[in-house]
Amino acid sequence: MGVRLAMRKELMGLNNSDMLTADDVRAHLTQQVKQQPHSMQKGFSVISKFNDNHSQLLSGDNNRERLLEFQRHRLFKDVLYTRQSVDAWLNSQIN
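The rules we used
- Residues numbered from 1 in each chain as written.
- Predicted model: local features only at pLDDT ≥ 70, side-chain atom pairs only at ≥ 80, totals over all residues.
- Heavy atoms only, no water.
- Helix = DSSP H or I, 4+ residues; strand = E, 2+ residues; numbered from the N terminus.
- Buried < 20%, exposed > 50% of the residue type's maximum accessible area, 1.4 Å probe, protein only.
- Contact = heavy atoms within 4.5 Å.
- Expected span 1.5 Å × (residues − 1).
- Arc of directions from axis to C-beta.
- Salt bridge = Lys/Arg side-chain N within 4 Å of Asp/Glu carboxyl O.
- Core = buried A, V, L, I, M, F, W, Y, C linked by side-chain atoms within 4.5 Å.
- Phe/Tyr/Trp six-rings, centres within 6.5 Å; stacked < 30°, edge-to-face > 60°.
- Pairing = 2+ DSSP bridges.
- Axes fitted to C-alpha atoms, helices over the stretch in contact; angles between N-to-C directions.

### Brief notes about the environment of Asp61
Within the secondary structure, Asp61 sits in the loop between α3 (40–58) and β2 (70–72). Classification of Asp61 by relative accessible area gives partly exposed; the value is 46%. Separated by 11 residues in the primary sequence, Asp61 and Arg72 place their C-alpha atoms 13 Å from one another.

Below you can see the structure in the form of structure tokens.
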């Protein structure tokens, strides 16, 4: 993790919270995909689907993935996801 990202997360107060940045979600998805090597193609699809949804949220479109709960940080306006919703969404995509 870079210094700028670490400082930004500290300023946002995310170090001990249940909220994840998009980079944290991507790292979590990659880790979960690596644990299931028989479904690498499906894992790539899941990460691509997340990236597509995140890009749409950044541009102001509606959230297409209903299970992914998000909120915008008040000061930085970053899109943050709850850890529980990311895990629920991942389970629905893999199974």
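Still more ground to cover, so stick around.
### As for the side chain of His28
Secondary-structure assignment places His28 in helix α2 (residues 22–34). In this structure His28 touches Val86 and Asp87, once residues within four positions along its chain are discounted.

### Digging into α2
With 13 residues, α2 should reach 18 Å at 1.5 Å per residue; the first-to-last C-alpha distance of 18 Å fits that figure. Taken as a whole, α2 has its buried residues at Ala22, Asp24, Val25, His28, Leu29 and Val33. In an axial view of α2, the angular spread of the buried residues amounts to 170°, which keeps them on one side of the axis.

### Observations regarding the pattern of salt bridges
Side-chain pairs of opposite charge can arise where the charged atoms are in close proximity. This model, assessed by the stated rule, comprises three salt bridges. Its salt-bridge partner being Asp24, residue Lys9 comes within 3.0 Å of it at the nearest N-O pair. Highlighted residues: Lys9 in helix α1 (residues 3–12) and Asp24 in helix α2, separated in sequence by 15 residues. Between Arg64 and Asp52 there is a salt bridge, with its nearest N and O atoms 2.7 Å apart. Taken together, the residues Arg64 in the loop between α3 and β2 and Asp52 in helix α3 connect sequence positions 12 residues apart. The exposure class assigned to Arg64 is partly exposed, which follows from its relative accessible area of 48%. A residue is classified by how much of its surface remains accessible, and Asp52, at 33% relative accessible area, is partly exposed.

### A word on the nonpolar core
Val25, Leu29, Phe50, Leu68, Tyr81, Val86 and Trp89 are the most contacted members of the largest nonpolar core, which totals 14 residues. For this core, the secondary-structure elements that each account for two or more residues are α2, α3, β3 (79–82) and α4 (83–94). Residues contacting Val25, with those up to four places away along its chain left out, are Leu20, Phe50, Tyr81 and Val86.

### Some remarks on the packing of aromatic side chains
Under the defined criterion, the tally for this structure stands at two aromatic pairs. In this structure an aromatic cluster arises from ring pairing among Phe50, Tyr81 and Trp89.

### Things to note about the sheet that holds strand β1 (residues 19–20)
Here we have three strands laid out as an open sheet, ordered β1-β3-β2, and antiparallel in their pairing. This sheet does not close on itself; its edge strands, each paired only once, are β1 and β2. For β1 and β3, the ladder comprises two bridges, and the chain directions are antiparallel. By the bridge assignment for β3, Met19 is matched with Thr82. Sitting on the sheet, α4 is in contact with β1 and β3, with an inclination near 70° to β3.

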